[in-house]
Amino acid sequence: AQSVTQPDIHITVSEGASLELRCNYSYGATPYLFWYVQSPGQGLQLLLKYFSGDTLVQGIKGFEAEFKRSQSSFNLRKPSVHWSDAAEYFCAVGPSGGYNKLIFGAGTRLAVHP
Amino acid sequence: GAVVSQHPSWVICKSGTSVKIECRSLDFQATTMFWYRQFPKQSLMLMATSNEGSKATYEQGVEKDKFLINHASLTLSTLTVTSAHPEDSSFYICSAFIADTTDTQYFGPGTRLTVL
């Protein structure tokens with residue numbers, strides 16, 4: 001079955017600390033992978049995506065993610081967190097090619113302490 | 001680029017009335033749009049896939065007569081919640097798909113529906 005698992009429901013970090021949000025997926029074929037961020041009461045903003053090529057993907061707002069096929073993972077990282085990064089983060093997977101019907105993880109809520 | 005808008009951003013209605021939510025792609029044409037529903041502190045649940053000029057495809061368990069979707073043009077899709085009831089209260093989010101080399105969905109800001 002196709003699925004996305006975000007093991008951490010809630011994470012709290014101090015401002016300036018590094019961050020890693022975990023994402024594992026189960027997918028029958030080579031997937032397209034996405035990370036989205038949602039601020040309270042807002043829609044989703046695309047942070048980054050992986051389709052093919054270099055497994056380390058750079059995104060907006062200083063985020064990056066690494067695709068590890070052997071571990072079926074696509075973890076999101078940021079070296080230094082800012083208070084404005086507090087939000088809900090969703091990992092998503094979709095089929096390669098054609099329009100992608102995305103499967104979302106349950107989300108990880110990030111809190112940032114000053 | 002790739003901006004998607006939704007209108008209204010929030011709406012309160014009485015039980016039994018119908019509510020229409022618009023989703024527009026502002027600077028691109030979207031042959032496919034998606035409608036999601038999000039309950040508090042939960043992930044997005046895909047409700048239906050909307051293709052321009054054809055009937056929407058609904059996910060299992062979604063009542064197509066309750067949630068009417070119309071995709072009349074390449075920049076506009078509408079979701080009408082018919083005879084709304086309190087259990088329909090939710091956050092509704094649309095996305096528009098760019099079928100080029102990006103193969104990416106761009107999301108609208110969402111519409112908060114509260115049914116009294």
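That block above? That's the structure.
Not measured: the values here are computed from a predicted model. (Residues numbered from 1 in each chain as written. Chains lettered and ligands numbered in written order. Predicted model: local features only at pLDDT ≥ 70, side-chain atom pairs only at ≥ 80, totals over all residues. Heavy atoms only, no water.)

## Thoughts on the overall build of chain A
Looking only at helices and strands, chain A features zero helices and twelve strands. When the helices and strands of chain A are listed from N to C terminus, the series reads β-β-β-β-β-β-β-β-β-β-β-β. Compactness check: chain A gives a C-alpha radius of gyration of 13 Å against a globular reference of 13 Å for 114 residues, within 12% of the reference. Considering only residue pairs separated by 6 or more positions, chain A has 53% of its internal contacts joining residues 24 or more positions apart. Of the accessible surface of chain A, which amounts to about 5300 Å², a share of 50% is contributed by carbon and sulfur atoms. Taking the average location of the 9 positive side-chain charges in chain A and that of its 8 negative ones, the two points are 7 Å from each other. (Helix = DSSP H or I, 4+ residues; strand = E, 2+ residues; numbered from the N terminus. Rg over C-alpha atoms; globule rule 2.2 N^0.38 Å. Contact = heavy atoms within 4.5 Å. Areas by Shrake-Rupley, 256 points an atom, 1.4 Å probe, with all protein chains shown as cover. Lys, Arg positive; Asp, Glu negative; His and termini not counted. Charge placed at Lys NZ, Arg CZ, Asp CG, Glu CD.)

## Quick word on the interface of chain B and chain A
With 23 residues of chain B at the interface, the matching set in chain A holds 22 residues. Both faces combined, the contact of chain B with chain A buries some 1700 Å², and carbon together with sulfur accounts for 56% of it. In terms of surface lost to chain A, no three residues of chain B exceed Ser 43, Asp 103 and Phe 107 of chain B, which account for 27% of the buried area on that side. Linking chain B with chain A are zero salt bridges, by the criterion used here. (Buried area = accessible area lost by both parts, 1.4 Å probe. Salt bridge = Lys/Arg side-chain N within 4 Å of Asp/Glu carboxyl O.)

## Brief notes about the pairing of strand E3 (residues 19-25) of chain B
All names here are of chain B. Of the two faces of E3, only the one carrying Val 19, Ile 21, Cys 23 and Ser 25 is buried; Lys 20, Glu 22 and Arg 24 on the other face are not. Here strand E1 (residues 4-7) runs beside E3; their pairing, made up of four bridges, is antiparallel. Its bridge partner being in E3, Val 4 is matched across the sheet by Ser 25. Here E3 pairs with strand E8 (residues 76-81) via six bridges, running antiparallel. Directly across from Val 19, in E8, lies its bridge partner Val 81. (Buried < 20%, exposed > 50% of the residue type's maximum accessible area, 1.4 Å probe, protein only. Pairing = 2+ DSSP bridges.)

## A short note on unusual backbone geometry
Note: most residues except glycine have negative phi, and most peptide bonds are trans. Between His 7 of chain B and Pro 8 of chain B the backbone carries a cis peptide bond, its omega angle lying at 0°. You can see Pro 8 of chain B is positioned in the loop between E1 and strand E2 (10-13). In this structure, Ser 72 of chain A takes a positive phi of about 50° despite not being glycine. Within the secondary structure layout, Ser 72 of chain A lies in the loop between strand E8 (64-68) and strand E9 (73-78).

## Side note on the side chain of Thr 82 of chain B
Tracing the backbone shows Thr 82 of chain B in the loop between E8 and strand E9 (90-98). Not counting residues within four places of it along the chain, the set of residues in contact with Thr 82 of chain B comprises Thr 17, Ser 18, Asp 65, Lys 66 and Leu 68 of chain B.

## Observations regarding the nonpolar core
Among the nonpolar cores identified, the biggest contains 27 residues, and Leu 19, Trp 35, Leu 47, Leu 48, Phe 74, Leu 76 and Tyr 89 of chain A are the most heavily contacted of them. No other element matches the four residues that strand E10 (residues 87-95) of chain A contributes to this core. Ignoring any residue separated from it by four or fewer positions in sequence, one finds Phe 74 of chain A in contact with Cys 23, Leu 33, Phe 34, Trp 35, Leu 48, Lys 49, Tyr 50, Ala 65, Glu 66 and Phe 67 of chain A. Among the nonpolar cores identified, the runner-up in size contains 26 residues, and Cys 23, Met 47, Ala 48 and Ala 56 of chain B belong to it. (Core = buried A, V, L, I, M, F, W, Y, C linked by side-chain atoms within 4.5 Å.)

## Considerations on the pattern of salt bridges
All names here are of chain A. All chains considered together, the criterion is met by seven salt bridges over all chains. Across the pair Glu 66 and Arg 77 runs a salt bridge whose closest N-O atoms are separated by 3.2 Å. Linking Glu 66 in strand E8 with Arg 77 in strand E9, this pair joins segments that are eleven residues apart in sequence. Overall, the relative accessible area of 23% leaves Glu 66 in the partly exposed class. Linking Glu 88 and Arg 109 is a salt bridge whose minimum nitrogen-to-oxygen distance equals 2.9 Å. With Glu 88 in strand E10 and Arg 109 in strand E12 (residues 108-113), this pair connects stretches of sequence that are 21 residues apart. For Glu 88, a relative accessible area of 8% corresponds to the buried category. Salt bridges sharing partners connect three or more residues here, namely Glu 64, Glu 66 and Arg 77.

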